[in-house]
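Letter by letter, the chains look like this.
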Amino acid sequence: QKEVEQDPGPLSVPEGAIVSLNCTYSNSAFQYFMWYRQYSRKGPELLMYTYSSGNKEDGRFTAQVDKSSKYISLFIRDSQPSDSATYLCAMKGAGKSTFGDGTTLTVKP
Amino acid sequence: NAGVTQTPKFRILKIGQSMTLQCAQDMNHNYMYWYRQDPGMGLKLIYYSVGAGITDKGEVPNGYNVSRSTTEDFPLRLELAAPSQTSVYFCASRLAGGRTDTQYFGPGTRLTVL
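The following refers to the structure shown. (Residues numbered from 1 in each chain as written. Chains lettered and ligands numbered in written order. Predicted model: local features only at pLDDT ≥ 70, side-chain atom pairs only at ≥ 80, totals over all residues. Heavy atoms only, no water.)

Quick word on the overall build of chain A
Helix and strand counts for chain A stand at zero helices and eleven strands. When burial is assessed residue by residue, chain A has 46% of its 109 residues classed as buried. Counted over contacts in chain A with a minimum sequence separation of 6, partners at least 24 positions apart contribute 53%. Of the roughly 5200 Å² of accessible surface on chain A, a fraction of 47% belongs to carbon and sulfur atoms. (Helix = DSSP H or I, 4+ residues; strand = E, 2+ residues; numbered from the N terminus. Buried < 20%, exposed > 50% of the residue type's maximum accessible area, 1.4 Å probe, protein only. Contact = heavy atoms within 4.5 Å. Areas by Shrake-Rupley, 256 points an atom, 1.4 Å probe, with all protein chains shown as cover.)

Here's what the structure looks like:
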């Protein structure tokens, strides 16, 4: 069983929709939770990071961590075609980061 | 700052050939990483380095070698290329000591082994 499981997708939504991207994990030592965005044929770039449980908001993006359920989510409000990308969750405890396999999102105008 | 740079962008190798993928960063980051990303899959760690002269294996090191003689450079060597090494290779770096694990990625090298 993988340490990090990410909803596989792909996901296709109309412009303006609310998008929910999700990951579950098994390692209770994870404390840092990140979301990376990867545009086609580019390297990943950090979008959001959260320490421990709770919510963090940045514009249209909200990252949510529920350590008791070992579940993290990224919500995108008022999705735009420019949000079309692959989203990778990543988690870290004392060691190296572990990445999910990514969810590819397409937002249609 | 150029950030993390990788060369070449694309390469086609024949089975059994060797090559070196170059990676450089100008942010004075201690940690550097090499990942491979197969289609529809996440990032698999090949090798990493916590500083000049120190390297260690990741999840999938077989068929690869690395060296880190300077803080800036972290080349990845493929010996005896095999079709299973067809992938996109990403180099990344981060600064040690921060609370986050923000990794800065290069643009990737697309490698095809035929």
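Things to note about the pattern of salt bridges
Residue and element names in this part refer to chain A. Following the criterion strictly, the structure yields six salt bridges over all chains and no others. R60 is the salt-bridge partner of D83, the closest N and O atoms lying 2.8 Å from each other. Residue D83 is located in the loop between β8 (71-76) and β9 (85-92), and its partner R60 is located in the loop between β6 (54-58) and β7 (61-66); the two are separated by 23 residues in the primary sequence. Taking relative accessible area as the criterion, D83 reaches 1% and is therefore assigned buried. (Salt bridge = Lys/Arg side-chain N within 4 Å of Asp/Glu carboxyl O.)

A closer look at the environment of N65 of chain B
All names here are of chain B. Relative to the helices and strands, N65 resides in strand β7 (residues 64-66). With a relative accessible area of 43%, N65 lands in the partly exposed category. Setting aside its immediate chain neighbours within four residues, N65 contacts Y47, P75, L76 and R77.

Section: the interface of chain A and chain B
Facing 18 residues of chain A, the contacting portion of chain B comprises 20 residues. A buried area of about 1600 Å², summed over both sides, lies between chain A and chain B, and 56% of it is on carbon and sulfur atoms. When residues of chain A are sorted by the area they lose upon contact with chain B, R41, K96 and F99 of chain A head the list and together hold 30% of the total. Put simply, chain A and chain B have zero salt bridges between them. (Buried area = accessible area lost by both parts, 1.4 Å probe.)

A short note on the pairing of strand β3 (residues 19-25) of chain A
Residues and elements named next belong to chain A. Summarising burial for β3: five of the seven residues are buried, a large majority. Summarising the sheet, strand β1 (residues 4-6) and β3 pair through three bridges and their orientation is antiparallel. Paired with Q6 across the bridge in β3 is C23. Bridge count between β3 and β8: six bridges; the pairing is antiparallel. Bridge assignment links T24 to a residue of β8, and that residue is Y71. (Pairing = 2+ DSSP bridges.)

Details of the nonpolar core
Across soluble globular proteins, nonpolar side chains show a tendency to be buried alongside one another. Ranked by size, the top nonpolar core spans 24 residues in total, and within it W35, I72, L74, Y87 and M91 of chain A carry the most contacts. Breaking this core down by element, the ones donating at least two residues are β3, β4 (32-38), β5 (45-51), β7, β8, β9 and β11 (103-108) of chain A. (Core = buried A, V, L, I, M, F, W, Y, C linked by side-chain atoms within 4.5 Å.)

Re the sheet that holds strand β3 (residues 19-25) of chain B
All names here are of chain B. Taken in spatial order, the four strands line up as β1-β3-β8-β7 in an open sheet, and their pairing is antiparallel. Whereas interior strands pair on both sides, the edge strands pair on one side only; in this sheet they are β1 (4-7) and β7. Each adjacent strand pair in this sheet contributes to an overall mean axis angle of 20°, direction not counted. Strand direction decides the pairing type here: β7 and strand β8 (residues 76-78), joined by three bridges, are antiparallel. Paired with Y64 across the two strands is L78, which belongs to β8. (Axes fitted to C-alpha atoms, helices over the stretch in contact; angles between N-to-C directions.)

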